[in-house]
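The chain contents come next:
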Amino acid sequence: MAKIMVVDDETDLEILIKQKFRKQIRQNEYEFVFAINGRDALDKLVEHPGIDIVLSDINMPEMDGLTLLSELHESSPLIKSVIVSAYGDMENIRVAMNRGAFDFITKPINFEDLTLTMEKTIKHAQEIRKTLQAIKENNILRMYVDENVLNFMGGQEYESKIMANESIEGTVMFVDVCGFTKISETTSPDVVVTMLNTYFDAMVKEIMEQDGIIDKFIGDAVMAVFRGEYHLDRAIDAALAIRNQVNGFPNVENKENFKPKVSIGIKSGEMISGNIGSATLKRLDYTVIGDTVNTAARLQDAAKENQIIICEGCYEQVKEAFKCENLGSIIMKNKAQPLTVYNVLE
């Protein structure tokens, strides 16, 4: 339903408007609000939020229509105004347009012309509101969805290809805040969330600095993916920076002297990238899956405080660029053979 304000000191116009648009009023297509001058109109706008358009006369006591246009432009720029006046000379039309009028209709009113003008103005006003709402929603969406997903959604025919996937080469990193689960058991939820967000903020900055993608937050852990040239090197650089940043955080007082530390697992290799979930329910997760991802998660499970664990295959690729120590072999779940692992020192 469109909300329309009519501003005119001729009280007969209210009766005429209600008669001419009685069908639209009954069908809840239009809702009219009436004011007798510009000052009254500004007061009524406060009482009746959500006005789409204003139909205003020019010559009125206390505040004329041209002054009202200036006030509306300052206080309510989304409201579109149409001047409806007997003073249809070029000077008044020019002043009205310069002050933000969307259109100008001369009296006596041709209601067929008025109806078309109202429909056009309402459509324009509502399209502007929808555009601003879309921008707002898009900005909110960007807080929850990775840029790659938005780029995918913006591509042509994404709906027909929504369940498509691709095999990629990349590096997966899991970062966990050590001992945080125990702290969560004895700490209020608002404090837990504030602490965790502080740690995550530091982690995310370092991951993005190395062109990594935040795949998801899992409790007190972060999963990130690195693609492109030197993806393994960039993942390790991000891990080292994260460890340094978190180590710089102070002890948390009255929380068993909790000192934040991280454990990190990194694995490079082939993985499947795409939308995983239910297309029928419209609930999908744009992520990566495969043995590389599972191994990275297992390596993080095996890592102790301040350790950045990589497998032997990754070590062979980066041993000339990073200083590592051999931690020997570990048995991993669902792996037939032990896996030799290394801790990245610097």
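Residues numbered from 1 in each chain as written. Predicted model: local features only at pLDDT ≥ 70, side-chain atom pairs only at ≥ 80, totals over all residues. Heavy atoms only, no water.

**A closer look at the pairing of strand β2 (residues 30-35)**
Then, number 1: Burial runs high along β2: five of the six residues are buried.
Then, number 2: Alignment of strand β1 (residues 2-7) against β2, held across six bridges, turns out to be parallel. Among the inter-strand pairings, A2 is bridged to a residue of β2, identified as Y30. (Buried < 20%, exposed > 50% of the residue type's maximum accessible area, 1.4 Å probe, protein only. Helix = DSSP H or I, 4+ residues; strand = E, 2+ residues; numbered from the N terminus. Pairing = 2+ DSSP bridges.)

**Topic: a positive patch on the surface**
Then, number 1: A cluster of like positive charges, contributed by K20, R22, K23 and R26, occupies part of the molecular surface.
Then, number 2: Looking at the positive patch, the element that brings in the most residues is helix α2 (residues 22-26), giving three residues. (Patch = residues over 30% accessible without salt bridge, like charges linked within 9 Å, V, L, I, M, F, W, Y side chains within 5 Å. Areas by Shrake-Rupley, 256 points an atom, 1.4 Å probe, with all protein chains shown as cover. Salt bridge = Lys/Arg side-chain N within 4 Å of Asp/Glu carboxyl O. Lys, Arg positive; Asp, Glu negative; His and termini not counted. Charge placed at Lys NZ, Arg CZ, Asp CG, Glu CD.)

**Thoughts on the nonpolar core**
Then, number 1: Of all hydrophobic cores here, the largest spans 42 residues; its most connected members are M173, Y199, M203, I266 and I310.
Then, number 2: Examining the composition of this core, we find that nine residues originate from one element, helix α9 (residues 189-209), more than from any other.
Then, number 3: When near neighbours in sequence (up to four residues on either side) are disregarded, M173 contacts I207, V222, M223, A224, F226, A235, A238, A239, I242, I264, G265 and I266.
Then, number 4: Counting 19 residues, the second-largest nonpolar core is a separate cluster that includes F32, F34, L55 and V82. (Core = buried A, V, L, I, M, F, W, Y, C linked by side-chain atoms within 4.5 Å. Contact = heavy atoms within 4.5 Å.)

**Notes on unusual backbone geometry**
Most peptide bonds are trans, and most residues other than glycine sit at a negative phi.
Then, number 1: Looking along the chain, the bond that leaves K107 and enters P108 is cis, with omega of 0°.
Then, number 2: Position of P108 relative to the elements: it lies in the loop between β5 (101-106) and α6 (111-144).
Then, number 3: The backbone phi angle of N28 is positive, close to 60°, even though this residue is not glycine.
Then, number 4: Following the sequence through the fold, N28 ends up in the loop between α2 and β2.

**Observations regarding helix α5 (residues 90-98)**
Then, number 1: Listed in full, the buried residues belonging to α5 are N92, V95 and A96. Viewed along the axis of α5, the buried residues span an arc of 100°, placing them on a single side of the element. Pointing more than 90 degrees away from the buried face of α5 are the exposed residues M90, R94 and N98.
Then, number 2: Along its buried surface, α5 packs onto α4 (65-75), β4 (80-85) and β5. (Arc of directions from axis to C-beta.)

**Some remarks on the pairing of β4**
Then, number 1: Summarising burial for β4: six of the six residues are buried, a large majority.
Then, number 2: Burial along β4 is two-sided: K80, V82 and V84 facing one way and S81, I83 and S85 facing the other are all buried.
Then, number 3: You can see the chain leave strand β3 (residues 53-56), run along α4 and come back into β4, and the turn it takes is right-handed.
Then, number 4: When β4 meets β5, the two strands line up parallel, connected through five bridges. If you follow I83 over to β5, its bridge partner there is F104. (Right-handed = clockwise from strand over helix to strand, strands pointing away.)

**Concerning the pattern of salt bridges**
Then, number 1: In the structure shown here, the tally under the stated rule is ten salt bridges.
Then, number 2: In this structure, K18 engages E14 in a salt bridge whose closest nitrogen and oxygen atoms are separated by 2.9 Å. Linking K18 with E14, this pair stays in helix α1 (residues 12-20), spanning four residues, or about one helical turn.
Then, number 3: The class of K18 is partly exposed, set by a relative accessible area of 41%.

**A look at the confidence of the model for the protein**
Then, number 1: Averaged over all residues, the pLDDT of the protein equals 86, while 89% of them reach at least 70.
Then, number 2: Here helix α7 (residues 147-153) stands out as the element of the protein with the lowest mean pLDDT, 56, in contrast to β2, whose mean of 95 is the highest. (pLDDT = per-residue confidence, 0-100.)

**Details of a nonpolar patch on the surface**
Then, number 1: Residues L78, L132 and I135 make up a contiguous nonpolar surface patch of about 220 Å² in total accessible area.
Then, number 2: With respect to the helices, strands and loops of the structure, L132 is situated in helix α6.

**Concerning helix α11 (residues 291-302)**
Then, number 1: The end-to-end C-alpha distance of α11 is 16 Å, a good match for the 16 Å that twelve residues give at a rise of 1.5 Å each.
Then, number 2: Every buried residue of α11 is accounted for by T292, V293, T295, A296, A297, L299 and Q300. (Expected span 1.5 Å × (residues − 1).)

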